[in-house]
Amino acid sequence: MSRRHVSEIKRSKTDDLGVAILACENSQKSKSYVPKYLLSTIDGQSLIEHQSSIIKKVYSNNCIYVVAGYGCDKVVGLLPKCMRIVENQNFQTSGPAEYLRLLINNSSESGILFIDGNLMFPEDVLLDFDFASSFLVCVEEECNQQDIGVTISNGCVNQLSFGLKTKTYNIFFLRDFELRLAEKICRNRDKNKLLLFEILNYVINNGGIIKQHKPKAKHSIKKIETAKDLYEDNDI
């Protein structure tokens, strides 16, 4: 049985699935500043175009959302009409929690796969997910002090914070109870600047269970910090 066929069986367990690309940069740093998700990849596409084409290929039967703030008009012009755009018009005064609030308000699925718009990854990364329960993508890489890491116990995430041993990327799936907990904290307007890892900590601390998902292909996910990252050692 092929890997793709196994993946289709896993994904068929959750027909009620939405996929969200989070383009969450909040402010213009200079007149010439370009948000990471609009940087050009080696094939000439923007990062968000590259990412969305992979996601659309794997999740062709699911609703795909793009949640954007700064540069939203450019994002709209780059992506196919089949993708649903959710705009955070208050991006300058809010954080990721506001993006999630708007997304959840505009979606009806019982589970949502969230993907950071500043990541490069191959199609294979998306083919191993099992949507039977909530999960967070974690890799066996050492964190530096600027990276978000996790502690793991019995295959479940206990805590997220800066510099912890096991590195995580902002690819995570929330369904049912965990998604409702995320919705609850994000609807608190006083908490609209919360970061993604703080939202996930709230979910865990209030009884949610988020499993660890380890990609099979080592070093197959790359976080883009500058345009240089899109060209250096890029085998994705």
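As a reminder, the structure under discussion sits directly above these lines.
What you are looking at is a predicted structure, and each value in this text was computed from that prediction instead of being measured.

Draft legend 1. Quick peek at the pattern of salt bridges. Going through the model one piece at a time under the given rule, you end up with six salt bridges. A salt bridge links Lys57 to Glu123, with the nearest nitrogen and oxygen atoms 3.1 Å apart. Here Glu123 lies in the loop between strand E5 (119–120) and strand E6 (135–139) and Lys57 lies in helix H2 (residues 47–58), a separation of 66 residues in the sequence.

Draft legend 2. The arrangement of the packing of aromatic side chains in detail. Counted under the stated rule, the structure contains nine aromatic pairs. Ring plane angle 45° and centroid distance 6.0 Å describe the contact between Tyr70 and Phe91, whose orientation is recorded as tilted. Highlighted residues: Tyr70 in the loop between strand E2 (63–68) and helix H3 (72–78) and Phe91 in the loop between strand E3 (84–87) and helix H4 (96–105), separated in sequence by 21 residues. Relative accessible area serves as the criterion here: at 15%, Tyr70 is assigned to the buried category. One aromatic cluster is present, formed by Tyr59, Phe129, Phe131, Phe135 and Phe173 through successive ring pairs.

Draft legend 3. Local environment of helix H5 (residues 176–186). All of the buried residues in H5 are Glu178, Leu179, Leu181, Ala182, Ile185 and Cys186. Buried positions in H5, seen along its axis, are confined to an arc of 155° and lie on one side of it. Turned more than 90 degrees from where H5 packs its buried face, Arg180 and Lys184 sit exposed. Check the buried side of H5 and you find it contacts H4, strand E4 (111–116), strand E9 (166–175) and helix H6 (196–205).

Draft legend 4. Focus on the pairing of strand E8 (residues 156–162). By the bridge criterion, six bridges tie strand E7 (residues 148–153) to E8 in an arrangement that is antiparallel. Considered in E8, the bridge of Ser153 is made with Cys156. Hairpin connection from E7 to E8: two residues lie between these consecutive antiparallel strands, with Asn154 at a positive phi of about 55°.

Draft legend 5. Representation of the packing of H5 against H6 in the model. Orientation of H5 relative to H6, taken along the N-to-C sense of each, is 120°, at an axis distance of 9 Å. Our classification of the angle between H5 and H6 gives oblique. Helix-helix and strand crossings are classified by hand; for H5 and H6 the assignment is right-handed. Contacts between H5 and H6 pair Glu178, Leu181, Ala182, Lys184, Ile185 and Cys186 from the former with Ile199, Tyr202 and Val203 from the latter. Residue classes in the contact of H5 with H6 are distributed as seven nonpolar, no polar and two charged.

What counts, and where the lines are drawn
- Residues numbered from 1 in each chain as written.
- Predicted model: local features only at pLDDT ≥ 70, side-chain atom pairs only at ≥ 80, totals over all residues.
- Heavy atoms only, no water.
- Salt bridge = Lys/Arg side-chain N within 4 Å of Asp/Glu carboxyl O.
- Helix = DSSP H or I, 4+ residues; strand = E, 2+ residues; numbered from the N terminus.
- Phe/Tyr/Trp six-rings, centres within 6.5 Å; stacked < 30°, edge-to-face > 60°.
- Buried < 20%, exposed > 50% of the residue type's maximum accessible area, 1.4 Å probe, protein only.
- Arc of directions from axis to C-beta.
- Contact = heavy atoms within 4.5 Å.
- Pairing = 2+ DSSP bridges.
- Axes fitted to C-alpha atoms, helices over the stretch in contact; angles between N-to-C directions.
- Parallel < 35°, antiparallel > 145°, perpendicular 65-115°, else oblique.
- Left-handed = near helix turned anticlockwise from the far one by under 90°.
- Nonpolar A, V, L, I, M, F, W, Y, C, P; charged D, E, K, R; others polar.

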